[in-house]
Protein chains: 4
Amino acid sequence: MTEENRAVPPQKETGRLEAFSDGVFAVAITLLVLDLIKVPQAPEGQTFSAADLAAILGRQWPAYATFLISFATILILWMNHHSMFQWVQKNDPVFMFANGFLLLLITLVPFPTALLGDYLLEPAAPAAAAMYAGLFVVISIAFIVLWWTAAYRRPLLRPGIAPALIRQRTFANLLGFPVYVLALACAFWSPALTVGICAALWVFWAITSARL
Amino acid sequence: MTEENRAVPPQKETGRLEAFSDGVFAVAITLLVLDLIKVPQAPEGQTFSAADLAAILGRQWPAYATFLISFATILILWMNHHSMFQWVQKNDPVFMFANGFLLLLITLVPFPTALLGDYLLEPAAPAAAAMYAGLFVVISIAFIVLWWTAAYRRPLLRPGIAPALIRQRTFANLLGFPVYVLALACAFWSPALTVGICAALWVFWAITSARL
Amino acid sequence: MTEENRAVPPQKETGRLEAFSDGVFAVAITLLVLDLIKVPQAPEGQTFSAADLAAILGRQWPAYATFLISFATILILWMNHHSMFQWVQKNDPVFMFANGFLLLLITLVPFPTALLGDYLLEPAAPAAAAMYAGLFVVISIAFIVLWWTAAYRRPLLRPGIAPALIRQRTFANLLGFPVYVLALACAFWSPALTVGICAALWVFWAITSARL
Amino acid sequence: MTEENRAVPPQKETGRLEAFSDGVFAVAITLLVLDLIKVPQAPEGQTFSAADLAAILGRQWPAYATFLISFATILILWMNHHSMFQWVQKNDPVFMFANGFLLLLITLVPFPTALLGDYLLEPAAPAAAAMYAGLFVVISIAFIVLWWTAAYRRPLLRPGIAPALIRQRTFANLLGFPVYVLALACAFWSPALTVGICAALWVFWAITSARL
């Protein structure tokens, strides 16, 4: 992976890494719906009327809400990943491990999403919300680490990117961490607030991502 | 994502966006079958004869029918997406969000498909058919929005496409919406008609897509 | 999709079609294992010894055998698809629909595989084996149709391929159909023979594919 | 697949093989989490407190631990695969079959992972640990075979790679086999040691992969 690649055009060095990452993001974001595919079953010997089925589906709204927030968040993370990799030219085992650690966390997102969808209105909501926010705390750390391995540890970025732009991205990445820690802290007091902060952070990331 | 990309050949700007979209379409279209993988289990202490098993599988025909319509519709949507992206040269955060909104809806398709497959012959069919048609109403809106962000909001298309062709595609995209609204309205009166309209629209889209 | 593409290098015209197909093949071949993930659960109040667990896993061998045959067959089908597309230069809506029809059938493979894995040693085996072989009958037809749309209907192949090689591939594609029909006919008499013919055909396809 | 490809630039010959492999790796690594998505359900008529839910989730730690080891191992295997394919220029049916055999084993990883996650603390742990280590024994053989078809059977590597580097990779690939055999042998005596050896080997592979 060292001098043999010199002949390959430099913009190609992360091609397969991006393809693999895209695959993991795409599968993880599509698996979110598997939690929603709980087609309600009528009890033995009964049949649902249309109103029954509509009412049952309506009561599943916490699952739909957490699905929406998780989908939107993974989408933003992918866009951030995509935008970051447009600046990366070279590759590196440490960078690949940092990326792999991020992908591990992305594949985990469906699990606390399903948990929160089931328990948001139950007494156990604080535990579910804490697990949900806790995962995003770790994801925000993983993004900081990934960006550090790309931009600060060894020069993997392509030349000619203005230092001000690099600092701007560093700052945007650092902001996620304290907000998710706040969301985690709120989980024990108000799980709904945790969900609200995660949704609000999505709006913030959307705007940030649009500006970069 | 702004001036740094100027050096990259313009036709490459949506490469990873297309790869990610392809991944989501491919996973969503393949997950449809998971609803079909309900291998019938004989009751405790009994065994099925071949005729029993064949009869049970035959009675699952609504699940097969909705699978076929959903698969064909996602395939057409992908072909439409593919054909639209052949005209798109540049990228844009708003375009990426519009695309992400479409992908969200695509990943949802397996859910109402499973619901309709289970309830098509039950009294609750109107609720299931309304949810099915309702999702495609929103999908047709998402396609109109995506095309608007690509062709009308800011010039993301590559130069040299005849305005008549652009208008033709705009018209084709607009047609889906009223037909799916009609299918939704029929759901409360005749769920079978809803399914029939969705299937017929697929034929129409197939012909439209072949002409573009 | 008509004259606008003339400027694009011709070998690129099927790029996204191949990527989407690869995605569907990859997801379908990986979903086969979901049928195997039936971790045995000890009855309430009991625990398995290591010998119990090993014995239970050993009794699942029909599921392992059908998994192996289905995986190997999808792999061969992908290799055949890959090898066919190396000759295809242009694209065409009819070709895309023929490819979509093949993909539909590929995503279905996990369903009769799971069915056969559960019922191979049961009285219902003929129905399961007939469904399994029947799907591959339709897949062999879909491959003949796909090749016809690529090589005979309109000239989508790149120039310079020797007619003898085209005829050789046509012949190889035609051979699958009668053998799978034979496997289907055997299902009602000996399901094990059906499975044996499907496994034997895999060996034949492997050799054919290696020669092309 | 023979003389027709001579005109294609040589570095492109394995493009679709890599894309398909990436898809299978990405789906398999993401499916690992499906085993974790067992949202605990409170018994009929009871509700969980947050402490109950946290305690139940905490008791699932063997599933989390095996998930982590399996994810990290598939990631390393992908990195090894990626790094190996950077040296491969040509393609070959035998090489494609060797790659397909490796992919088959990769898709199997979620199954013994789920098994080990459920039985690590049970009397049946030796059988589960033996199946887990046994799969990795076969995977290490598949990697040796794949490398042999690429580097020794016929010259598929691109020219100019130093023989010392080729020998170094051969040696690294050979090392996995005896260690996994050791892990397999330990399963019958101490399943925890089996898991420990698999985790330790991951660290070793990480370092080896970083050096290559």
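From a predicted model like this one, the values you see are computed outputs, not experimental measurements.

**Brief notes about the overall build of chain A**
Counting secondary structure elements, chain A contains eight helices and zero strands. In sequence order, the secondary structure elements of chain A are arranged as α-α-α-α-α-α-α-α. Considering only C-alpha atoms, chain A reaches an extent of 70 × 35 × 25 Å along its principal axes. Across the 212 residues that make up chain A, the buried fraction comes to 61%. Within chain A, contacts between residues separated by at least 24 positions form 78% of all contacts whose residues are at least 6 apart in sequence. Here chain A contributes 12 positive and 11 negative side-chain charges, whose respective centroids are spaced 15 Å apart.

**Considerations on the interface of chain D and chain A**
Contacts between the two partners involve 47 residues from chain D and, on the opposite side, 35 residues from chain A. There are two salt bridges connecting chain D and chain A. Between the two partners, chain D and chain A, sit five residue pairs in polar contact (both at pLDDT 80 or more). Here the side of chain D that touches chain A takes 12 residues from helix H3 (residues 61-85) of chain D, the largest share from any one element. Each residue belonging to the side of chain D that touches chain A can be placed in one class, and the counts come to 32 nonpolar, 11 polar and four charged.

**Looking at the relation of the copies chain D and chain A**
When chain D is brought onto chain A, the operation consists of a screw motion whose angular component is 90° and whose axial shift is 0.0 Å, with 0.0 Å RMSD remaining. This pairing of chains is accounted for by a four-fold axis.

**Things to note about the arrangement of the chains**
There is a clear gap between chain A and chain C: no contact, and 9 Å between their nearest C-alpha atoms. In this view chain B stays clear of chain D, with the nearest C-alpha atoms of the two still 9 Å from each other.

**What about helix H3 (residues 61-85) of chain A?**
The α-helix advances 3.6 residues per turn, and as a result positions three or four apart in sequence lie on the same side. The end-to-end C-alpha separation of H3(A) is 36 Å, in line with the 36 Å expected for 25 residues at 1.5 Å each. Across the 25 residues that make up H3(A), a large majority, 21, are buried.

**Comments concerning the packing of helix H5 (residues 110-119) of chain C against helix H6 (residues 125-153) of chain C**
All names here are of chain C. Axis separation between H5 and H6 bottoms out at 9 Å; the angle between their running directions is 155°. Comparing the axis directions of H5 and H6 gives the class roughly antiparallel. When you trace H5 past H6, the crossing you get is left-handed. Here Phe-111, Pro-112, Thr-113, Leu-115, Leu-116 and Tyr-119 of H5 come into contact with H6, specifically with Ala-125, Ala-128, Ala-129, Met-131, Tyr-132 and Leu-135. Along the lines of polarity and charge, the residues of the contact of H5 with H6 split into 11 nonpolar, one polar and no charged.

**As for the pattern of salt bridges**
Counted under the stated rule, the structure contains 12 salt bridges over all chains. Across the pair Arg16(D) and Glu18(C) runs a salt bridge, and its minimum N-O distance is 3.9 Å. Of the two residues, Arg16(D) is situated in helix H1 (residues 15-31) and Glu18(C) in helix H1 (residues 15-31); the pairing between them involves two chains. Per residue, the accessibility class of Arg16(D) equals that of Glu18(C), and both read buried. Between Arg153(C) and Asp92(C) there is a salt bridge; the shortest N-O distance is 3.4 Å. Taken as a pair, Arg153(C) in helix H6 and Asp92(C) in the loop between helix H3 (61-85) and helix H4 (93-108) lie far apart in primary sequence, 61 residues in all.

**Let's talk about the relation of the copies chain C and chain B**
The transform that puts chain C on chain B rotates by 90° and translates by 0.0 Å along the axis, for an RMSD of 0.0 Å. When the interface residues of chain C are mapped onto chain B, a mere 6% of them again fall at the interface, so the copies present different faces.

**Overview of the interface of chain C and chain B**
Interfaces are often described in size by the accessible area the parts lose on coming together. Each partner contributes to the interface: chain C provides 35 residues, whereas chain B provides 47 residues. Applying the counting criterion to the chain C and chain B interface returns two salt bridges. Between Arg16(C) and Asp22(B) there is a salt bridge, with its nearest N and O atoms 2.7 Å apart. In this structure, the connection of chain C to chain B is made through five residue pairs in polar contact (both at pLDDT 80 or more). Considered class by class, the residues forming the side of chain C that touches chain B number 26 nonpolar, five polar and four charged.

Rules behind the numbers
Residues numbered from 1 in each chain as written. Chains lettered and ligands numbered in written order. Predicted model: local features only at pLDDT ≥ 70, side-chain atom pairs only at ≥ 80, totals over all residues. Heavy atoms only, no water. Helix = DSSP H or I, 4+ residues; strand = E, 2+ residues; numbered from the N terminus. Buried < 20%, exposed > 50% of the residue type's maximum accessible area, 1.4 Å probe, protein only. Contact = heavy atoms within 4.5 Å. Lys, Arg positive; Asp, Glu negative; His and termini not counted. Charge placed at Lys NZ, Arg CZ, Asp CG, Glu CD. Salt bridge = Lys/Arg side-chain N within 4 Å of Asp/Glu carboxyl O. Polar contact = N/O pair within 3.5 Å; in protein donor to acceptor, adjacent residues only side chain to side chain. Nonpolar A, V, L, I, M, F, W, Y, C, P; charged D, E, K, R; others polar. Least-squares fit on C-alpha atoms with pLDDT ≥ 70 in both. Expected span 1.5 Å × (residues − 1). Axes fitted to C-alpha atoms, helices over the stretch in contact; angles between N-to-C directions. Parallel < 35°, antiparallel > 145°, perpendicular 65-115°, else oblique. Left-handed = near helix turned anticlockwise from the far one by under 90°.

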